[in-house]
Amino acid sequence: MHRKKYPFIAGFLILPVGLYVLLVIWPYIQTISYSFTDWSGASQNFNFVGLDNYKDLAKDDVFVKALQHNALLLVLVPTLTILLSLFFAFMVNVGGRGGAGGVSGVKGSGFYRVIFFFPQVLSIAILAILFKAVYRGDDSGLINGTLQAVGLGDKNHPTEWLNDPDLVLWCIVFVMIWAGAGFYMVLFSAAMQSIPRDVYEAALLDGAGRFQTFFRVTLPLLWETIQTAWVFLAILSMDAFLLISTLTSQDFGGGPDHSSEVISTYLMRNFQTYSKSGYACAMGVVMLLLTLIVSIVTLRLSRRDRIEY
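Throughout this description, residue numbers start from 1 for each chain and increase along the sequence as written. With the structure being a predicted model, the display of local features is reserved for residues of pLDDT at least 70 and the display and counting of side-chain atom pairs for 80 or more, all residues being used for whole-chain, interface and lining totals. The side-chain figures draw on all heavy atoms in the structure; neither hydrogens nor water molecules are used.

S.K.: Before we go on, may I ask you to explain helix α10 (residues 223-239) in this structure?
M.R.: Each α-helix turn comprises 3.6 residues. Residues three or four places apart therefore point the same way. Helix numbers and strand numbers start at the N terminus; a helix is a DSSP run of H or I with at least 4 residues, a strand a run of E with at least 2. Helix span is expected to be 1.5 Å times the residue number reduced by one. Relative to the 24 Å expected for 17 residues at 1.5 Å per residue, α10 spans 25 Å between its end C-alpha atoms, a close match to the ideal helical length. Exposure categories follow from relative accessible area, calculated using a 1.4 Å probe and restricted to protein chains: below 20% of the type maximum is buried, above 50% is exposed, and the middle band is partly exposed. Listed in full, the buried residues belonging to α10 are T225, I226, Q227, A229, V231, L233, A234, S237 and M238. After α10 finishes, the residue A240 shows a positive phi value of roughly 60 degrees.

Right, dumping it as structure tokens:
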């Protein structure tokens, strides 16, 4: 029986492993190989160019600018999303006083959970339509209309939020945080509910306030969940293609003067519009390596001893 177990297990693994290699590993191998060629994407004929595509990336001002934008997203989106989500989760779970055992969420916490999670049920296309209306650069835009209603807007020269090189990337950052905070609030709420109430009751008996309870009790016990959330948000920040390409009106996104360009939008423009598929594959390889490096570094730097409770 013991000897027959392994062929039995292997028989079940052959199909899923084969599909994984065919649909995941093989495309990676193809992309890496094409990155060393001048493949146009429309022909089966291409020439080996070695590291020329990677050398050109280092001299490409648009690519460098896109990389800087990705770095900005990588710092702002995970940090602000996690901070907001932690605050909301703490308030709806243990931010109140006077509940069972002296620990409860704020009044109306069930309603707040629904409201905060609502953006998560919207698709990227719906988000783009919604925020195009919010950021519209005339009197009918929500922001411009509100500013003019309170006397702060310029009726003759309304702000072009998505066409202003100084504002468009910040507008996208806000949308990414708004769309993601609700999901991570639910994630952190689930982790907080697994923390025994006795821990919070003991903190209350010792005279700890909300601020001390959050930093001395909640944050250390949620560290592994925060670590996971950071990795997911970092991967999202390295991509952001769907949101930027649908929210901005330029070809595959990028904004005015490449002011909201990220690696993924520039990659697609080279692949689809400029027929520089080999060059685009080189960008994809760089993007893959950067994502792996960011994920590994994040996990290593945020590693802590597990706290048992």
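S.K.: Even after reading the chapter, I still don't get the nonpolar core, so can you show me in this structure?
M.R.: Across soluble globular proteins, you tend to see nonpolar side chains buried next to one another. By nonpolar core is meant a set of buried Ala, Val, Leu, Ile, Met, Phe, Trp, Tyr and Cys residues that side-chain atoms within 4.5 Å join together. Counting 44 residues, the largest nonpolar core has L73, L86, Y135 and F188 as its most contacted members. Elements represented by at least two residues in this core include exactly α3 (61-93), α5 (124-134), α7 (168-193), α8 (197-205), α9 (210-221), α10 and α11 (241-247). Ranked by residues supplied to this core, first place goes to α7 with 14 residues. Residues contacting L86, with those up to four places away along its chain left out, are F188, M192, F214, L219, L222 and I226. By size, the runner-up hydrophobic cluster in this structure holds 13 residues, among which are V62, F63, L267 and M287. The criterion used for residue contact is that any of the two residues' heavy atoms lie within 4.5 Å.

S.K.: Honestly, the packing of aromatic side chains in this entry has me stumped. Any pointers?
M.R.: Centre-to-centre distance and the angle between the planes together describe a pair of aromatic rings. Any two of the Phe, Tyr and Trp rings considered here, Trp counted by its six-membered ring, make a pair once their centres fall within 6.5 Å; the pair's planes then place it as stacked at under 30 degrees, edge-to-face at over 60, or tilted in between. Per the stated rule, a full pass over the model turns up 12 aromatic pairs. Aromatic pair Y112 and F116: ring centres 6.2 Å apart, planes at 20 degrees, arrangement stacked. Taken as a pair, Y112 and F116 lie in helix α4 (residues 109-117) at a separation of four residues, close to a single helical turn. On the basis of relative accessible area, F116 is assigned to the partly exposed category, the value being 25%. Considering the side-chain rings of F131 and F174, the 6.2 Å spacing of their centres and the 70 degrees angle between planes classify their relative orientation as edge-to-face. Taken together, the residues span a long stretch of sequence, with F131 in helix α5 and F174 in helix α7 at a distance of 43 residues. Overall, F131 belongs to the buried group, its relative accessible area being 4%.

S.K.: Explain the pattern of salt bridges here, please?
M.R.: Pairs may arise between side chains of opposite charge once their charged atoms sit close together. Counted as salt bridges are all cases of a side-chain nitrogen of Lys or Arg within 4 Å of a carboxyl oxygen of Asp or Glu. One pass over the full model with this rule turns up two salt bridges. Ionic pairing is found between D257 and K65, a salt bridge with its closest N-O pair at 4.0 Å. With a gap of 192 residues between them, D257 in the loop between α11 and α12 (263-273) and K65 in helix α3 connect regions that are remote in the sequence. Among the residues examined, K65 registers a relative accessible area of 28% and is labelled partly exposed. Measuring nitrogen to oxygen at the nearest pair gives 2.7 Å for the salt bridge that ties E261 to R269.

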